[in-house]
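Architecture and fold: a report
What follows is each chain in one-letter form.
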There are 2 protein chains.
Amino acid sequence: MSVRYGLLALLDEAPSHGYNLKTAFERRTGGSWAINIGQVYTTIQRLERDGLVESLGSSAGDDERREYRITPAGRAQLATWFENPVVAEAPARDELTIKVLLAVAAGDVDVTALLQRQRRASIEQLQAYTRRKAKADPKRDVAFLILLDALIFRTEAEIRWLDACDARIRSLASAAAAPPTAGSKETDG
Amino acid sequence: MSVRYGLLALLDEAPSHGYNLKTAFERRTGGSWAINIGQVYTTIQRLERDGLVESLGSSAGDDERREYRITPAGRAQLATWFENPVVAEAPARDELTIKVLLAVAAGDVDVTALLQRQRRASIEQLQAYTRRKAKADPKRDVAFLILLDALIFRTEAEIRWLDACDARIRSLASAAAAPPTAGSKETDG
DNA sequence: ACAGCCATGTAACTTGTTACATGATTTT
DNA sequence: AAAATCATGTAACAAGTTACATGGCTGT
């Protein structure tokens, strides 16, 4: 819902038209979320369909550049969006998580190697983000820095998690190699 | 692509049918990713359309329970998926990030309050995960624990990021309140 | 004349997702 | 007999995304 609310938030500030929304949206995301212009128009259409924005047809006069304005319903929905926290309810809807989970269960996949490859890739990402952060101007590029912070924290968490996975798998392997100490029945299918 | 590859990975182990894939998929994700049965069938259809799985029609004989088998192409694609790390290329495609970014730029949104609300929600989430983790059996519920780890690390990162955002915004506010020390021109539109 | 930006829009497609219709088998 | 579980499938939609067609206006 990011693009949808993104455009809605921009239209909440001032009426605007497609092309302008595209550039404004990209500026807001620190220039790092390129958006296809076609998507802007389809998203506006959907917002209009849902009564959240409306076209300013007659008063402007221009045939090109049709401007859109947020409606009261749109403003209300935007306010609700800002007021309610984003719940990470969708637990494992994440590709990396499910991949590791499946790899662990698969048997014929080298999970340790997978984790190591991912770790290397994540570290590289992290370094790239850090380099970009060092170049940014703390006064001018606030949006970009906020975004980089998000990416950095998330990637760090990912690396920690990969290590935790590795540890879990190693401990599983050693537990399987060592003879069971007490009454530990294997009941897995 | 999680569901898609999830089903493909399950079919890589053994041929199976829709209903069974559903339960297996849910078991794999530690029982926390409920999947609508309809989605399983649509996803299988799409996999078949793409030549990654094929139906075992005649040999089984049964009219119900049509089994599917992975094809060589499917196996190849699955292997590629496992081999290549998940790149977090899509930078800000995240709802919370874009929300904060938009709120900061909006002007009429109380960003500090937004951050605090989100922080409270995230802390609650974190506690819920931790409680569930404490209850889990480290031997039996490995998948579930791996998943919980992911959620916990991610939520911790989110909280750290929220705090970093708060700090950035406060420092911006204080910089705006204090008179500029040197030649710092304001050129924002 | 031609390159390039400003500007709009449609068709088509992807994955994810739900609601609904349908029926067999098994358990209570 | 009724309820629950096993089982399949379709229609329809959401949101994101890209490729393509179209044209005006500006600078070289």
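Residues numbered from 1 in each chain as written. Chains lettered and ligands numbered in written order. Predicted model: local features only at pLDDT ≥ 70, side-chain atom pairs only at ≥ 80, totals over all residues. Heavy atoms only, no water.

1. Some details on helix α3 (residues 37-49) of chain A
What sets the pattern is the α-helix's 3.6 residues per turn: residues three or four places apart point alike. Residue and element names in this part refer to chain A. Taking 1.5 Å of rise per residue, the 13 residues of α3 would be expected to cover 18 Å, and the 19 Å separating its terminal C-alpha atoms lies within 8% of that figure. Among the residues of α3, V40, T43, I44 and L47 are the ones counted as buried. The buried residues of α3 occupy one face: seen down the axis, they fall within an arc of 105 degrees. α3 presents Q45 and R49 as exposed residues on the side facing more than 90 degrees away from its buried surface. Those residues of α3 that are buried lie in contact with α1 (2-13), α2 (18-28), β1 (53-56) and β2 (67-70). The backbone nitrogen of G38 lies 2.7 Å from a side-chain oxygen of the residue at the head of α3, namely N36. (Helix = DSSP H or I, 4+ residues; strand = E, 2+ residues; numbered from the N terminus. Expected span 1.5 Å × (residues − 1). Buried < 20%, exposed > 50% of the residue type's maximum accessible area, 1.4 Å probe, protein only. Arc of directions from axis to C-beta. Contact = heavy atoms within 4.5 Å. Polar contact = N/O pair within 3.5 Å; in protein donor to acceptor, adjacent residues only side chain to side chain.)

2. What about the pattern of salt bridges?
Going through the model one piece at a time under the given rule, you end up with 23 salt bridges over all chains. The partner of R168 of chain A in a salt bridge is D149 of chain B, with the nearest N and O atoms 2.9 Å apart. Of the two residues, R168 of chain A sits in helix α7 (residues 142-177) while D149 of chain B sits in helix α7 (residues 142-177), which places them in two different chains. A salt bridge links D137 of chain B to R140 of chain B; the nearest nitrogen and oxygen atoms lie 4.0 Å apart. Taking the relative accessible area as the measure of exposure, D137 of chain B reaches 30% and is therefore partly exposed. Note on R140 of chain B: relative accessible area 61%, which makes it exposed. (Salt bridge = Lys/Arg side-chain N within 4 Å of Asp/Glu carboxyl O.)

3. Observations regarding the domain arrangement of chain A
Per the domain assignment, the segments making up chain A are domain 1 (2-83) and domain 2 (95-177). The C-alpha-based centres of domain 1 of chain A and domain 2 of chain A are spaced at 35 Å. (Domains from an automatic or database assignment.)

4. Some remarks on the side chain of R4 of chain B
With respect to the helices and strands, the residue R4 of chain B is situated in helix α1 (residues 2-13). When near neighbours in sequence (up to four residues on either side) are disregarded, R4 of chain B contacts T43, R46, L47, R49, D50, L52 and Q77 of chain B.

5. Some details on the protein's contact with DNA strand D
Near DNA strand D lie 22 residues; those nearest to it are R46 of chain A together with Y19, Y41, Q45 and R66 of chain B. The separation between a phosphate oxygen of DNA strand D and a polar side-chain atom of R4 of chain A is 3.3 Å. Here Y19 of chain B contributes a side-chain N or O atom positioned 2.6 Å from a phosphate oxygen of DNA strand D. Only α1 and α3 of chain A together with α2 (18-28) and α3 (37-49) of chain B provide two or more residues apiece to the surface near DNA strand D. Split into classes, the residues belonging to the surface near DNA strand D amount to five nonpolar, 10 polar and seven charged. (Near = heavy atom within 4 Å. Nonpolar A, V, L, I, M, F, W, Y, C, P; charged D, E, K, R; others polar.)

6. Side note on the relation of the copies chain A and chain B
Least-squares fitting of chain A to chain B yields an RMSD of 0.0 Å, with the superposition described by an axial translation of 0.0 Å and a rotation of 180 degrees. Here the copies are linked by what is in effect a two-fold axis. Comparing contact sets, 100% of the residues at the interface of chain A also lie at the interface in chain B, consistent with an isologous, same-surface contact. (Least-squares fit on C-alpha atoms with pLDDT ≥ 70 in both.)

7. What about the nonpolar core?
One finds L7 and W161 of chain A together with L7 and W161 of chain B to be the most contacted residues of the largest nonpolar core, which totals 105 residues. Those residues in contact with L7 of chain B, other than ones at most four positions away along the chain, are L21, F25, V40, T43, I44 and L47 of chain B. (Core = buried A, V, L, I, M, F, W, Y, C linked by side-chain atoms within 4.5 Å.)

8. So, the interface of chain A and chain B
Counting residues at the interface gives 66 residues for chain A, matched by 66 residues for chain B. Summing both partners gives a buried area of about 6100 Å² for chain A against chain B, and 66% of it is carried by carbon and sulfur. Between D94 of chain A and R154 of chain B there is a salt bridge, and its shortest N-O distance comes to 3.4 Å. Applying the counting criterion to the chain A and chain B interface returns 20 residue pairs in polar contact (both at pLDDT 80 or more). Considering only residue class, the side of chain A that touches chain B consists of 39 nonpolar, 10 polar and 17 charged. (Buried area = accessible area lost by both parts, 1.4 Å probe.)

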